[in-house]
Amino acid sequence: MKAIILSAGQGSRLGHLVDDKPKCLIDFHGRSLLDRQLDTLEACGVHEAVVVTGFHDELVNEAIARRSGGPKVRTIYNPFYKVADNTGSLFMAREELGGDCLVWNGDTLVSRALMARVVGNGRPGICVTIDRKESYDEDDMKVVTAEDGRLRAIGKRIAQGVNAESIGLLAFRSGGAEQFRDAIERAMRTAEGTTIWYLRVIHHLAQTAEVWTLDIKGEEWGEVDFPADVDNALVLTGRWDALEKSAAA
């Protein structure tokens, strides 16, 4: 299995934290967000990663070059990161969408236990990792699922029937990546192609084909979009580090 990590954006909603570096390089207890993603992949048996870069790509490349272990990593530069949403990043990396692979937002931290569930899940085709909570706000990537786990709808503007949220981690198997790649290419040829999120493409696929979900409720993860998210992620990563040290002792 291979992972494609979308780390092209600056993360401007984080303010001065990203004045001189992309948010994937924000430090959490001595390791950057990207380092933690790569270490999590390696720990769960994913030994190949493709990082899509954009804002200060030279800093990301330098950070990857300093790593001494973990998965084999290569980068793809998205020169359109300022004007195209993350569908543009996947369009740049579309040749990597094949076989068994993950697509992971570059601003999402997940526990090793959560990633192990995603990697170990054998659902064929396209599978969106979801979590559930009591209520959802306007910034959540809201999801509507059927009782059997099929995806019915996904998007920030859904108003009815919401029963989950996407955590920004998808798995593709058994032709699912190729199906997604073809849909990305079609989407980028539309008038709105550069302005849409890749999960909008997933939403359209789910209207005519099977797209599945994996419910990881109870596992720990965090998205880093706002300054308050950094504080929450520091708590999470501190707890994960303590657990790893305890397990290694």
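Check the entry above for the structure.
The rules behind the values
- Residues numbered from 1 in each chain as written.
- Predicted model: local features only at pLDDT ≥ 70, side-chain atom pairs only at ≥ 80, totals over all residues.
- Heavy atoms only, no water.
- Helix = DSSP H or I, 4+ residues; strand = E, 2+ residues; numbered from the N terminus.
- Buried < 20%, exposed > 50% of the residue type's maximum accessible area, 1.4 Å probe, protein only.
- Core = buried A, V, L, I, M, F, W, Y, C linked by side-chain atoms within 4.5 Å.
- Contact = heavy atoms within 4.5 Å.
- Salt bridge = Lys/Arg side-chain N within 4 Å of Asp/Glu carboxyl O.
- Lys, Arg positive; Asp, Glu negative; His and termini not counted.
- Polar contact = N/O pair within 3.5 Å; in protein donor to acceptor, adjacent residues only side chain to side chain.
- Arc of directions from axis to C-beta.

Undergrad: Please set out unusual backbone geometry residue by residue, giving values where relevant.
TA: Not every positive phi belongs to a glycine, and His29 is a case in point at roughly 55 degrees. Relative to the helices and strands, His29 resides in the loop between strand E2 (27-28) and strand E3 (31-32). With a phi close to 45 degrees, His56 is a non-glycine residue in the positive phi region. With a relative accessible area of 27%, His56 lands in the partly exposed category.

Undergrad: Lay out the nonpolar core with the relevant residues and their values.
TA: Core analysis: the largest hydrophobic core is formed by 34 residues, its most contacted members being Ile4, Leu90, Phe180, Tyr198 and Ile202. At 6 residues, the largest contribution of residues to this core is made by helix H6 (residues 198-206). Ignoring any residue separated from it by four or fewer positions in sequence, one finds Tyr198 in contact with Leu6, Asn86, Thr87, Leu90, Val103, Asn105, Gly168, Leu170, Phe180 and Ile184. Within the second largest apolar cluster, 28 residues are counted, among which are Val46, Val51, Met115 and Ala171.

Undergrad: Give me the pattern of salt bridges: which residues, what numbers.
TA: What the rule picks out here adds up to 23 salt bridges. Across the salt bridge formed by Asp35 and Arg67, the nearest N and O atoms sit 2.8 Å from each other. One end of the pair, Asp35, is in helix H1 (residues 33-43); the other, Arg67, is in the loop between helix H2 (57-66) and strand E5 (72-77), with 32 residues separating them in the sequence. The two residues Asp35 and Arg67 agree in class, both being buried. Linked by salt bridges that have partners in common, Arg31, Asp35, Arg36, Asp39, Arg67, Arg112, Asp241 and Glu244 make up one network.

Undergrad: Requested: an account of the side chain of Asp131, with residues and values cited.
TA: Secondary-structure assignment places Asp131 in strand E8 (residues 125-131). In this structure, Asp131 is buried with no salt-bridge partner, the nearest side chain bearing the opposite charge being Lys217 at 6.8 Å. A distance of 2.8 Å separates the side chain of Asp131 from the side chain of Trp221, its partner in a polar contact.

Undergrad: Any details on H2? Residues and values, ideally.
TA: Inspection of H2 places Val60, Ala63 and Ile64 among the buried residues, and these make up the whole buried set. An end-on view of H2 places all buried positions within 100 degrees of arc, on one side of the element. Set apart from the buried face of H2 by more than 90 degrees, the exposed residues are Ala65 and Arg66. Close packing links the buried residues of H2 with H1, strand E4 (48-53) and E5.

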